[in-house]
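Observations on the three-dimensional arrangement
In case you want the letters, here they are:
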Amino acid sequence: MRAWLASWLVCVLAAAPVAATSQGDIDPAAPLTFGILPIGGPAESLEAWRPMLDDLHKAIGRPVRAVSVTTYEGIAQAISEQRVDIAFLSGRLALDAVTQQNMQVIGRLTRGDGSRGYRAVLIVAADSRLRSLDQLFARPGKWRYARGEALSVSGYLVPETQLFAARGVDSDTFFASVHVDNHQNNALAVSNGEVDVATNNTADLERFQQHFPEQYARLRILWTSSLIPHAVIVIRNDLPQALRAQVAAFVTGYGKGKDGAREEANLKRIHDISGFAPADNADLIPFADIEYALEQRRATSAQWVSEAARDARFRKIRGDHDSLVALLRGK
């Protein structure tokens, strides 16, 4: 039901995509649609981004509509159906947009604290009996688990790769129950005693602390991942070159010009964003590496009819990864 509602919301807000069949074939008055991967809820994200997108409208002389949905699948579907022209995406979604949907990276999020990324975490209740990973893995089928969608980097991919697959465990079969939702709802589920352990990330937990201080005080971090690069902005390659350059210049220059103080205030509305650094498709290589590691772990733990079949699978995984990295580097 939720996936259907997310898709319906995208259809309502972005029913008329920009008509662009070639580099020069585009209505100069047609609006651009900006897709937002929500931080918090969809309505909250739309409100947070609106001031910056209003400034983008003034800068390029073209209306800019915003679309924010509740699921990763919802934004991925909108992109695949070309109902989104520009998008703010986490690395895994951006990887698909670049390799499958003819988009390119133009900017990378920067934060006010100067961090180069964020970290996935496992959270439990502050008073939980779970005090260590050894206790967690010692009792398969015992704990109730909440995670993000399969396209979520911190909600699924990184914990699955660095934590579960590294121990030969599939999280979908290890736990007594598995609940899939967004970071905010999963944190609430832990604080309210509805699940025992959940994935989240350091950036979303900061926001959760601001909005739900009482519930945040009932949480404790059980595990922390290595650093994950920040989200990026992508744009469709079939938009005119001049328009793409105009949007890229706006994005990477926002908060740095003569009206910097007002623009910085607008950026801080978007979860303490300080701006966007210039970036390209090569910035997605760390996410290609995450996928590669996960595929390797899965192949290692799988049952094979022969060593030859196993070796062939590993060669295929390596070859696909090498080809993807070459593509992202523009080679």
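Attention in this report is confined to the structure presented alongside it.

So, how was this worked out
- Residues numbered from 1 in each chain as written.
- Predicted model: local features only at pLDDT ≥ 70, side-chain atom pairs only at ≥ 80, totals over all residues.
- Heavy atoms only, no water.
- Helix = DSSP H or I, 4+ residues; strand = E, 2+ residues; numbered from the N terminus.
- Phe/Tyr/Trp six-rings, centres within 6.5 Å; stacked < 30°, edge-to-face > 60°.
- Buried < 20%, exposed > 50% of the residue type's maximum accessible area, 1.4 Å probe, protein only.
- Pairing = 2+ DSSP bridges.
- Axes fitted to C-alpha atoms, helices over the stretch in contact; angles between N-to-C directions.
- Contact = heavy atoms within 4.5 Å.
- Nonpolar A, V, L, I, M, F, W, Y, C, P; charged D, E, K, R; others polar.
- Lys, Arg positive; Asp, Glu negative; His and termini not counted.
- Salt bridge = Lys/Arg side-chain N within 4 Å of Asp/Glu carboxyl O.
- Core = buried A, V, L, I, M, F, W, Y, C linked by side-chain atoms within 4.5 Å.

Take unusual backbone geometry next. We note that Q82 has phi near 55°; this positive angle belongs to a residue other than glycine. With respect to the secondary-structure elements, Q82 resides in the loop between α3 (72-80) and β3 (86-89).

Within the structure shown, the criterion is met by 12 aromatic pairs. Seen in terms of ring centroids, Y145 and F175 are 4.2 Å apart; in terms of plane orientation they differ by 10°. Their pairing is stacked. With a gap of 30 residues between them, Y145 in strand β6 (residues 144-147) and F175 in the loop between α7 (171-174) and β7 (177-180) connect regions that are remote in the sequence. Across this residue pair, the class does not change: Y145 and F175 are buried. Ring pairing ties together the aromatic residues F137, Y145, F164, F174 and F175, which thus form one cluster.

Time to look at the sheet that holds β7. Spatially, β7-β6-β8-β5-β9 is the arrangement adopted by the 5 strands of the open sheet, whose pairing is mixed. The open sheet terminates on both sides in strands that have one partner only, identified here as β7 and β9 (219-229). Neighbour to neighbour, the strand axes of the sheet diverge by 20° on average, direction disregarded. The strands touched by helix α8 (residues 183-191) within the sheet are β5 (117-125), β6, β7, β8 (197-201) and β9, with β8 carrying the most contacts at an inclination of about 140°.

The contact between helix α2 (residues 42-60) and helix α12 (residues 260-268) brings their axes to 7 Å, and the two run at 145°. Of α12, the residues touching α2 (which contributes A48, P51, M52 and D55) are R262, E263, N266 and L267. Classifying every residue of the contact of α2 with α12 gives 4 nonpolar, 1 polar and 3 charged.

For E263, the location among the structural elements is in helix α12. The charged side chain of E263 is buried without a salt bridge, its nearest counter-charge being R262 at 4.3 Å. Setting aside anything within four residues of it in sequence, one finds E263 in contact with D55, G253, Y254, G255, K256 and G257.

The strand order across the open sheet built from 6 strands is β2-β1-β3-β10-β4-β11, with neighbouring strands paired in mixed fashion. With one partner strand each, in any of the chains shown, β2 (64-68) and β11 (273-278) form the two edges of the open sheet. Strand-to-strand twist across the sheet, computed as the mean angle between neighbouring axes with direction ignored, equals 25°. Looking at chain direction, strand β1 (residues 32-36) and β3 are connected through 3 bridges and run parallel. The residue of β3 that forms the bridge with I36 is F88. Its contacts with the sheet place α2 against β1, β2, β3 and β11, and it is angled at close to 160° to β2.

Attention shifts here to the environment of Q77. Tracing the backbone shows Q77 in helix α3. A relative accessible area of 27% means that Q77 is categorised as partly exposed.

Another point: the pairing of β5. Of all 9 residues in β5, 8 are buried, a share of seventy percent or more. Judged from the 8 bridges that link them, β5 and β9 form a sheet pairing that is antiparallel. By the bridge assignment for β9, Y118 is matched with I228. Two elements, β5 and β8, share 5 bridges in a ladder whose sense is antiparallel. Looking at β8, one finds that V121 is bridged to N200.

Right, let's get into the pattern of salt bridges. Pairing between side chains becomes possible if they bear opposite charge and their charged atoms approach one another. For the structure on display, the rule yields 19 salt bridges. Note that R262 is salt-bridged to D55, the shortest N-O span being 3.0 Å. With a gap of 207 residues between them, R262 in helix α12 and D55 in helix α2 connect regions that are remote in the sequence. Classification of R262 as partly exposed rests on a relative accessible area of 36%. A salt bridge links D172 to R147; the shortest N-O distance between them is 3.1 Å. Of the two residues, D172 sits in helix α7 while R147 sits in strand β6, which places them 25 residues apart along the sequence. Overall, the relative accessible area of 9% leaves R147 in the buried class.

Let us look at the nonpolar core. L89, L122, L136, V234 and L284 are the most contacted members of the largest nonpolar core, which has 54 residues in total. The contacts of V234, once residues within four sequence positions are left out, are D85, I86, A87, L89, A94, A97, M103, Q104 and V105. By size, the runner-up hydrophobic cluster in this structure holds 29 residues, among which are I36, W49, L53 and I233.

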